[in-house]
Amino acid sequence: MLRQASRLISRSVTAASSKSVTARAFSTELPSTIDSTFVESWKKVAPNMDPPQTPSSFMKPRPSNASSIPTKLTVNFVLPYASELSGKEVDMVIIPATTGQMGVLPGHVPTIAELKPGIMSVHEGTDIKKYFVSSGFAFLHANSVADIIAVEAVPLENIDASQVQKGLAEFTQKLASASTDLEKAEAQIGVEVHSAMNAALSG
């Protein structure tokens, strides 16, 4: 029955779409309402079941862009267990994206970037605060707000170089002696993270 309902709904929506020659707006520019054509088609084939929610039902209006580029970048930097920065206005932040070091200034194009182990630096005037982040994501919005979520992060000055060297040696040994794919993967992650920390302290 569900297959038949899907086919009928698909035909109805396709037919309705072919009659319309106007260009559709971006999904984030549409009001959060259920498509009436979809609802009507659903009621015809399944009158006793409520129609499912469609993606447009959960869309929020796109935030309006400022008429001019702000002078400051607002940064929210959070970890699973703490909030390092909340609504902090800074001049620039440099994040360790998987595509390379990414400098973010006010007015940056909206972007989602995956983070790799490396240094994230927050620039506020002449003051530069550096963190080592293990991984995570950065969400850069059109309104000059940057939401940065890291799995783990620590101020660079709090890292013990001797412990990093010790950890790197241990994980290198584990990688060499690993006998299963899981052991190899865990050891490889340890080597990569400790190597990145070592490079951050050396640089």
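Taken from UniProt, the Sequence similarities (unreviewed entry) comment for the protein reads in full: "Belongs to the ATPase epsilon chain family." A UniProt comment under Subcellular location (unreviewed entry) is attached to the protein, and it reads "Membrane".

Caption draft 1: Looking closely at the overall build of the protein. Broken down by element type, the protein carries four helices and ten strands. Looking at the protein as a whole, 29% of its 203 residues are labelled buried. Put simply, 51% of the contacts in the protein that link residues at least 6 apart link residues at least 24 apart. Per element, the accessible surface of the protein, about 13,100 Å² overall, is 57% carbon and sulfur.

Caption draft 2: Looking closely at empty space enclosed by the protein. All told, the structure shown has one cavity of 30 Å³ or more when counted by the stated rule. Its boundaries defined by the atoms lining it, the largest cavity holds a volume of some 30 Å³. What lines the largest cavity is Leu-73, Val-104, Leu-105, Pro-106, Gly-107, His-108, Leu-140, His-141, Ser-144 and Val-145. Looking at side-chain class alone, the lining of the largest cavity contains six nonpolar, four polar and no charged residues.

Caption draft 3: Structural detail: the pairing of strand 7 (residues 127-133). The sheet contact formed by strand 6 (residues 118-124) and strand 7 spans seven bridges and is antiparallel. By the bridge assignment, Val-122 is partnered in strand 7 with Lys-129. Taking the residues between adjacent antiparallel strands as the criterion, strand 6 and strand 7 are bridged by two residues, where Gly-125 takes a positive phi near 65 degrees. Two elements, strand 7 and strand 10 (residues 153-155), share three bridges in a ladder whose sense is antiparallel. Across the sheet, Tyr-131 pairs through a bridge with Pro-155, a residue of strand 10.

Caption draft 4: Molecular detail of unusual backbone geometry. Phi at Ser-144 takes a positive value of approximately 60 degrees, unusual for a residue other than glycine. With respect to the element layout, Ser-144 can be found in the loop between strand 8 (136-140) and strand 9 (145-150).

Caption draft 5: Expanded view of the nonpolar core. Phe-77, Val-93, Ile-95, Met-120 and Ile-148 are the most contacted members of the largest nonpolar core, which totals 23 residues. Counting residues per element, this core draws most heavily on strand 1 (residues 73-79), which supplies four residues. Residues Leu-156, Ile-159, Met-197 and Ala-200 belong to the second largest nonpolar core, which totals eight residues.

Caption draft 6: Structural view of the pattern of salt bridges. As enumerated under the stated definition, the model contains three salt bridges in all. Put simply, Asp-91 and Lys-72 hold a salt bridge, and the shortest N to O gap is 2.7 Å. On the criterion of sequence distance, the pair formed by Asp-91 in the loop between strand 2 (82-90) and strand 3 (92-97) and Lys-72 in the loop between helix 2 (36-45) and strand 1 is long-range, its members being 19 residues apart. Judged by relative accessible area, which is 27%, Asp-91 ranks as partly exposed.

Caption draft 7: Quick look at the environment of Glu-114. Residue placement: Glu-114 occurs in strand 5 (residues 111-115). Overall, the relative accessible area of 43% leaves Glu-114 in the partly exposed class. Placed 24 residues apart in sequence, Glu-114 and Ala-138 show a C-alpha to C-alpha distance of 6.4 Å. Apart from the residues lying within four places of it in its own chain, the contact partners of Glu-114 are Pro-96, Ala-97, Thr-98, Gly-136 and Phe-137.

Caption draft 8: Summary view of the side chain of His-123. In this structure, His-123 sits in strand 6. If we skip the residues at most four places from it in the chain, His-123 touches Val-90, Asp-91, Met-92, Ile-94 and Ile-128.

What counts, and where the lines are drawn
- Residues numbered from 1 in each chain as written.
- Predicted model: local features only at pLDDT ≥ 70, side-chain atom pairs only at ≥ 80, totals over all residues.
- Heavy atoms only, no water.
- UniProt positions renumbered as here; feature names shortened; annotations may be inferred.
- Helix = DSSP H or I, 4+ residues; strand = E, 2+ residues; numbered from the N terminus.
- Buried < 20%, exposed > 50% of the residue type's maximum accessible area, 1.4 Å probe, protein only.
- Contact = heavy atoms within 4.5 Å.
- Areas by Shrake-Rupley, 256 points an atom, 1.4 Å probe, with all protein chains shown as cover.
- 1 Å grid on protein atoms, 1.4 Å probe; cavity = no way out; pocket = protein on both sides within 12 Å on 5 of 7 lines; lining within 4 Å.
- Points joined across faces, edges and corners; volume = space filled by probe spheres on them.
- Nonpolar A, V, L, I, M, F, W, Y, C, P; charged D, E, K, R; others polar.
- Pairing = 2+ DSSP bridges.
- Core = buried A, V, L, I, M, F, W, Y, C linked by side-chain atoms within 4.5 Å.
- Salt bridge = Lys/Arg side-chain N within 4 Å of Asp/Glu carboxyl O.

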